[in-house]
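Reading the structure
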Amino acid sequence: MRNDEDHRPSPETLLRVAQAEEAENERGKLKIFLGYAPGVGKTYAMLEAARLRQGEGRDVVAGYVESHGRAETDLLLEGIETVPKLQVDYQGVILPEMDIDAVLARRPQIALVDELAHSNAPGCRHEKRWQDVEELIYAGIDVYTTVNIQHFESLNDVVAQITGVIVRETVPDRLLDLAVELRLVDIPPEDLLQRLREGKVYIPEKAALASEKFFKPGNLMALRELSLRRAASRVDDQMRAYMESRSIAGPWPVAEKLLVCISGSPYSEKLIRTTRRLADETKAPWHTLYIETPGLSKHARENRERVWRDLRLAESLGAQVGTLTSAFVAQALIDFAIQNNVTKIVVGKPAKPRWREFLRQPLVDEIIRLSGTIDVYVVSISPEKERAKTPAAQQYKKPFHWSGYMKAVGLVVATTLLCTPVQPYLAPTNLVMIYLLAVVLAAIKLGRRPSVLTAFLSVLAFDFFFVPPRFTFAVTDTEYFITFAGLFTVGVVISTLVSRSRERAESIREREEQTASLYYLSRDLAAASDLEQILGALIRNIEDSLGAGVAVLMPEGERLEVRASGGAVALEAKEHAVADWAYRNHQPAGRGTDTLVSAGLLYLPLQTSGEVLGVLGVKLKADADYGSPLHRRLLQAFATQVAFAIERALLVKQAEQAQILQARETLERALLNSISHDLRTPLVSITGALGALRDKGSVLEESARSDLLDAAWEEAARLNRFVANLLDMTRLESGALKLKPVPSDLLDLVGCAMAALEPQLAKRKVEVRIQPGLPLVSMDMVLMTQVLVNLLDNALKYSPRDKIIEIEAGVLDGAATLAVLDRGPGVPGGDLDRIFDKFYRVPVPEGAGGTGLGLSICRGIVEAHDGGITAENREGGGLKVMVTLPAGS
């Protein structure tokens, strides 16, 4: 008997369900009204559903609805707010399109978007309307849309086979995966044909043409079956997801994984679509792999572009795409399949003539032989139809270059001329070695095909000029046929091996350059300590590896601003808008993408697992490079590495700010404790003196009352100095301290300071030495008096009561000097530079105190006068603090 635990969903299942629900909650919901042909009533059904939602209080807006002049459709559209269409001028023709920015600004709960497969006019943000719908969904807006079954990419070749019509406007199958609800709009084909004859689908002229080509009963029945099967498959998916999430027992399929290998041939599209359909049927993930052999690395640009298009098609259909470089395609394919746990490989049936199989084993046979336990699906392809579909296939042929072949002929002629003088001294079979040397030279310098021609011509030349009878192709000794066969075979083998080695070395060199580029970037990023160095390393490495112009944009407030650029890249307002879209939508945009393709640069978001930190804009040298998977992967790797480096720099900065904040909080606590203690001491003395006077004033003698008042006054003055120091430091740090300099005498300054400390100085011996004839000094008398008061107060606190305090004023090196000297304990040598820091205090004698701000305030005020302040220990003990000010009035 099974336990309850056996019925519980697995943790992996719960995690998948939770992640799916979280993703659905973050984006809007997509509802697709699916039909099998125009005229089945998709738009009508969408508007009916929209009016029901509107009746429930939902905010419904028509982003783009095409009624085609049907009165019943126009009637349903009444009462639904319609966003004005965007009028796009294309070659003098005004084309109405959906204004996606207006819909986003309006932000309804539900947006109605008709004709999902529609191609937007050039100049719109996206090439296709389904991309507009994706943006609305990811902006959190629910979307109702319509589409016919023949527009889905994976069914494109099947529909072409059924109807004979190639559908150009296609929609990726992932839109079906995104849809929360799929509603099938269906009517019998007979009723649809009747609507067509009545002019309810197309105007009469167009309806007649459509009935002859697309609207045939057989076509409609086949398309109807496709739509019904797709809708049933969707229901089956939902049922399985429900059963799996609740651990309901059922026949679960074994986990499958599919792999299709493409080669850039015209048949690759069919293989990709077939694999997508197999993946749908088996509910399996799938891979698309392109294996580049060294011999194919120099294909024409058109062929490379076709490979890139095939890879993008596979990616749009939901495949994980990859590329490899290997001289042995079958082995590399099987190795990839084993590493990725692939259970089924999809390949195409060979379309080459049968006789070529005797020269070289077909690739399909090699794959089957090496596959082991992996299933191999061989897909049949009709060459005639495929060639009809690609009439421009001839343009993909590699251009023929005569120069290499002419050099091969010249090389054989030169070899023959070299062999002629030595022919009397060497046997004919020994001359073969010289011709083999020519073949090797041709393979190294000219390539495989010219070297094969060299081998063939060498056999002819050797036979004609050196094999008896000479100067004729006749051979009297049949053993020479073995020599001819050996010369030609060895020549072909040598040319093949040498050419393959050279091509492989070239391929390895290209890979090494990419690996080196990533290594150099990683090294530079590891050494970068701040954002500017990181961006500088990125720009330098992209320029060195790709020769491209670069711009890095990062957010500043609500806008993206260029933080660094290279390669003379200047961004206009349009380019900023494209970069902003890539930043906000977390997707690439611009050149080489499907979004805002008219932009001048390719924009890649600098994205980490947490957020998008900025945008990388790249201007490549050639237009074809934008579609190159190698360039895109390299740029994506650059963007990812830099994104993590920027995140690291920002985290380091945040950590430093956190440390500073923590140190500040610690300092504030220490300051609060210090201030509370230093303020409490005089307050206690003042409170005690005033309390004694209030309670016992009438019985105290006059001298006792006078002493209490003097003590209270002295402590009040001390408290006032504490508060003044705090206020002065606040003004210094905020820049609010304003000087009022006037020519002043240093003798007056000393007198004012001593008068302010008269009660404290009355009990101490003070010696004043002022040099005669001192010039006037431009200074703020009030602030400089505060400086001297702080210095004297410091000397009073730290020197014994029986020691003398000295004040000196003079001129040194053209500057006025003012010094305070004491005979206290001095300052430890290592702390002389720190005594002017805020809150720094050396051990204070008992009874003394302070905030540790006095000397710091002195330095701030003196430096505001363009002066300086220093401290040094005196011989015999004590400290000398000297202030230097510019002399003269």
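Residues numbered from 1 in each chain as written. Predicted model: local features only at pLDDT ≥ 70, side-chain atom pairs only at ≥ 80, totals over all residues. Heavy atoms only, no water.

As a further point, take the overall build of the chain. Within the chain, the regular secondary structure consists of 28 helices and 25 strands. For the chain, with 889 residues in total, the buried portion stands at 43%. As presented, the chain carries roughly 46,700 Å² of accessible surface, and 55% of it is formed by carbon and sulfur atoms. (Helix = DSSP H or I, 4+ residues; strand = E, 2+ residues; numbered from the N terminus. Buried < 20%, exposed > 50% of the residue type's maximum accessible area, 1.4 Å probe, protein only. Areas by Shrake-Rupley, 256 points an atom, 1.4 Å probe, with all protein chains shown as cover.)

Here helix α11 (residues 268–282) is 15 residues long and its end C-alpha atoms lie 21 Å apart, about the 21 Å a rise of 1.5 Å per residue gives. Residues of α11 that are buried: Ser268, Leu271, Ile272, Arg273, Thr274, Thr275, Arg276, Leu278 and Ala279. Once α11 ends, the next one or two residues include lysine 283, with phi positive near 55°. (Expected span 1.5 Å × (residues − 1).)

A few words now on the pattern of salt bridges. For the structure on display, the rule yields 28 salt bridges. Of the charged contacts, one joins arginine 106 and aspartate 59 as a salt bridge, the two residues approaching to 2.8 Å between their closest N and O atoms. One end of the pair, arginine 106, is in helix α4 (residues 100–106); the other, aspartate 59, is in the loop between α2 (42–55) and β2 (60–64), with 47 residues separating them in the sequence. The class of arginine 106 is partly exposed, set by a relative accessible area of 29%. Note on aspartate 59: relative accessible area 25%, which makes it partly exposed. Through salt bridges with shared partners, one network takes in Glu767, Arg769, Glu806, Glu808 and Arg874. (Salt bridge = Lys/Arg side-chain N within 4 Å of Asp/Glu carboxyl O.)

On to empty space enclosed by the protein, then. Within the structure shown, the criterion is met by three cavities of 30 Å³ or more. In this structure, the largest cavity spans a volume of roughly 50 Å³. Along the walls of the largest cavity sit Leu791, Asn794, Ala795, Val820, Asp822, Leu855, Leu879 and Val881, which together make up its complete lining. Taken together, the residues of the lining of the largest cavity sort by class into six nonpolar, one polar and one charged. (1 Å grid on protein atoms, 1.4 Å probe; cavity = no way out; pocket = protein on both sides within 12 Å on 5 of 7 lines; lining within 4 Å. Points joined across faces, edges and corners; volume = space filled by probe spheres on them. Nonpolar A, V, L, I, M, F, W, Y, C, P; charged D, E, K, R; others polar.)

Attention now goes to a nonpolar patch on the surface. Residues Phe456, Leu460, Phe473 and Phe488 make up a contiguous nonpolar surface patch of about 360 Å² in total accessible area. Topologically, leucine 460 is positioned in helix α19 (residues 448–466). (Patch = residues over 30% accessible without salt bridge, like charges linked within 9 Å, V, L, I, M, F, W, Y side chains within 5 Å.)

Before going further, it helps to examine the sheet that holds strand β1 (residues 30–35). Strand pairing within a sheet occurs via backbone hydrogen bonds; the two strands may be parallel or antiparallel. If you trace the six strands from one edge of the open sheet to the other, you get β3-β2-β6-β7-β1-β8, paired in parallel fashion. The sheet is open, and its two borders are formed by β3 (81–82) and β8 (179–184), each paired with just one other strand. With four bridges joining them, strand β6 (residues 110–113) and strand β7 (residues 142–148) adopt parallel strand pairing. Residue valine 113 lies in a different strand from β7, and its bridge partner there is threonine 145. In this fold α2 packs onto β1, β2, β6, β7 and β8, with an angle of close to 165° to the strand it touches most, β7. (Pairing = 2+ DSSP bridges. Contact = heavy atoms within 4.5 Å. Axes fitted to C-alpha atoms, helices over the stretch in contact; angles between N-to-C directions.)

Further remarks concern the sheet that holds strand β9 (residues 258–262). Taken in spatial order, the five strands line up as β11-β10-β9-β12-β13 in an open sheet, and their pairing is parallel. Strand pairing shows two members of the sheet lacking a second neighbour, β11 (320–325) and β13 (375–379), which therefore form its edges. If you compare each strand with its neighbour and ignore which way they point, the axes differ by 25° on average. Set on the sheet, α11 makes contact with β9, β10 (286–292), β12 (344–348) and β13; between it and β9 the angle comes to about 175°.

A few words on the packing of aromatic side chains. When we look at a pair of aromatic rings, we describe it by the centre distance and by the angle of the planes. One pass over the structure, following the stated rule, counts nine aromatic pairs. An angle of 80° between the planes, with centres 6.4 Å apart, marks the rings of phenylalanine 456 and phenylalanine 488 as edge-to-face. Placement of the pair is phenylalanine 456 in helix α19 and phenylalanine 488 in helix α20 (residues 479–527), with a sequence separation of 32 residues. Its end group placed over the ring of tyrosine 64, lysine 85 keeps NZ or CZ at 4.5 Å from the ring centre. (Phe/Tyr/Trp six-rings, centres within 6.5 Å; stacked < 30°, edge-to-face > 60°. Lys NZ or Arg CZ within 6 Å of the ring centre and 35° of its normal.)

The next thing to look at is the environment of histidine 576. Here histidine 576 is to be found in helix α22 (residues 573–585). Separated by 41 residues in the primary sequence, histidine 576 and glycine 617 have C-alpha atoms spaced 9.9 Å apart. What histidine 576 contacts, discounting residues up to four positions off in sequence, is Leu553, Leu560, Val562 and Leu571.

Moving on: the confidence of the model for the chain. Detailed reading of the predicted model is not advised wherever pLDDT is low. Per-chain confidence: the chain averages 81 in pLDDT, with 84% of residues scoring 70 or above. Taken element by element, the predicted model of the chain shows its lowest mean pLDDT in helix α16 (residues 383–389) (44) and its highest in β6 (95). Low pLDDT, under 50, characterises residues 1–7; the stretch is placed with five contacts to residues that sit more than four places away or in other chains. Counting interchain partners and residues more than four positions distant, the pLDDT-below-50 stretch residues 384–397 has twelve contacts. (pLDDT = per-residue confidence, 0-100.)

Moving on: the environment of asparagine 720. Tracing the backbone shows asparagine 720 in helix α24 (residues 702–734). Asparagine 720 sits in the exposed class, given a relative accessible area of 52%. Along the sequence, asparagine 720 and proline 682 sit 38 residues apart, while their C-alpha atoms lie 9.9 Å from each other.

This brings us to the side chain of threonine 595. Take threonine 595: it is sitting in the loop between β16 (589–590) and β17 (602–607). For threonine 595, a relative accessible area of 6% corresponds to the buried category. Beyond its immediate stretch of four places on either side in the chain, threonine 595 contacts Arg125, His126, Gln131, Trp581, Pro588, Ala589 and Gly590.

This brings us to the packing of helix α17 (residues 402–422) against helix α18 (residues 428–445). Two elements in contact, α17 and α18, have axes whose closest approach is 10 Å; the angle formed by their N-to-C orientations is 155°. As far as their axial angle goes, α18 and α17 are roughly antiparallel. In this structure, the crossing between α17 and α18 has a hand that is right-handed. Contact residues: α17 offers Leu411, Val412, Thr415, Thr416, Leu418, Cys419 and Val422, while α18 offers Leu431, Ile434, Tyr435, Ala438, Leu441 and Ala442. Its residues assigned to classes, the contact of α17 with α18 comprises eleven nonpolar, two polar and no charged. (Parallel < 35°, antiparallel > 145°, perpendicular 65-115°, else oblique. Left-handed = near helix turned anticlockwise from the far one by under 90°.)

Now for the pairing of β6. Along β6, one buried face is formed by Ile110 and Leu112 and the opposite face, lined by Ala111 and Val113, is buried too. Relative to β6, β2 runs parallel, the two being bridged by four bridges. Its bridge partner lying in β6, valine 60 is registered against isoleucine 110. Crossover β6 to β7 through helix α5 (residues 129–138) is right-handed. (Right-handed = clockwise from strand over helix to strand, strands pointing away.)

The subject of this paragraph is the nonpolar core. In terms of nonpolar packing, the biggest core is built from 62 residues, with Leu30, Tyr36, Leu112, Leu136, Leu192 and Phe215 touching the most fellow members. For this core, the leading source of residues is α2, giving five residues. Other than its neighbours up to four places away in sequence, leucine 30 contacts Val133, Ile137, Val143, Thr145, Leu175, Leu178, Ala179, Val180 and Glu181. In this structure, Leu774, Val777, Ile807 and Leu879 belong to the second largest nonpolar core, which totals 40 residues. (Core = buried A, V, L, I, M, F, W, Y, C linked by side-chain atoms within 4.5 Å.)

A word on the environment of alanine 864. The topology assignment puts alanine 864 in helix α28 (residues 854–864). Using a relative accessible area of 34% as the deciding quantity, one classes alanine 864 as partly exposed.

Glancing now at helix α21 (residues 531–546). Along its 16 residues, α21 runs 22 Å from first to last C-alpha, staying within 8% of the 22 Å computed at 1.5 Å per residue. Among all positions of α21, only Leu531, Ile534, Leu535, Ala537, Leu538, Ile539, Asn541, Ile542 and Leu546 are buried. Count one or two residues on from α21 and you reach glycine 547, which has phi positive near 65°.

With their axes 9 Å apart at the nearest point, α18 and α20 run at an angle of 25° to one another. Between α18 and α20, the angle falls in the class roughly parallel. For α18 against α20, the interelement crossing comes out right-handed. Here Pro428, Thr429, Val432, Tyr435, Leu436, Val439, Val440, Ala443, Ile444 and Lys445 of α18 lie close against α20, whose contacting residues are Tyr480, Thr483, Leu487, Val490, Gly491, Ile494, Ser495, Val498, Ser499 and Arg502. Class assignment of the residues belonging to the contact of α18 with α20 gives a composition of 13 nonpolar, five polar and two charged.

A word on the side chain of arginine 53. Relative to the helices and strands, arginine 53 is located in helix α2. Only 3.0 Å separates the side chain of arginine 53 from the side chain of glutamate 56, close enough to count as a polar contact. Ignoring anything within four residues of it in the chain, the contact list for arginine 53 reads Arg58, Val60, Ile110 and Tyr144. (Polar contact = N/O pair within 3.5 Å; in protein donor to acceptor, adjacent residues only side chain to side chain.)

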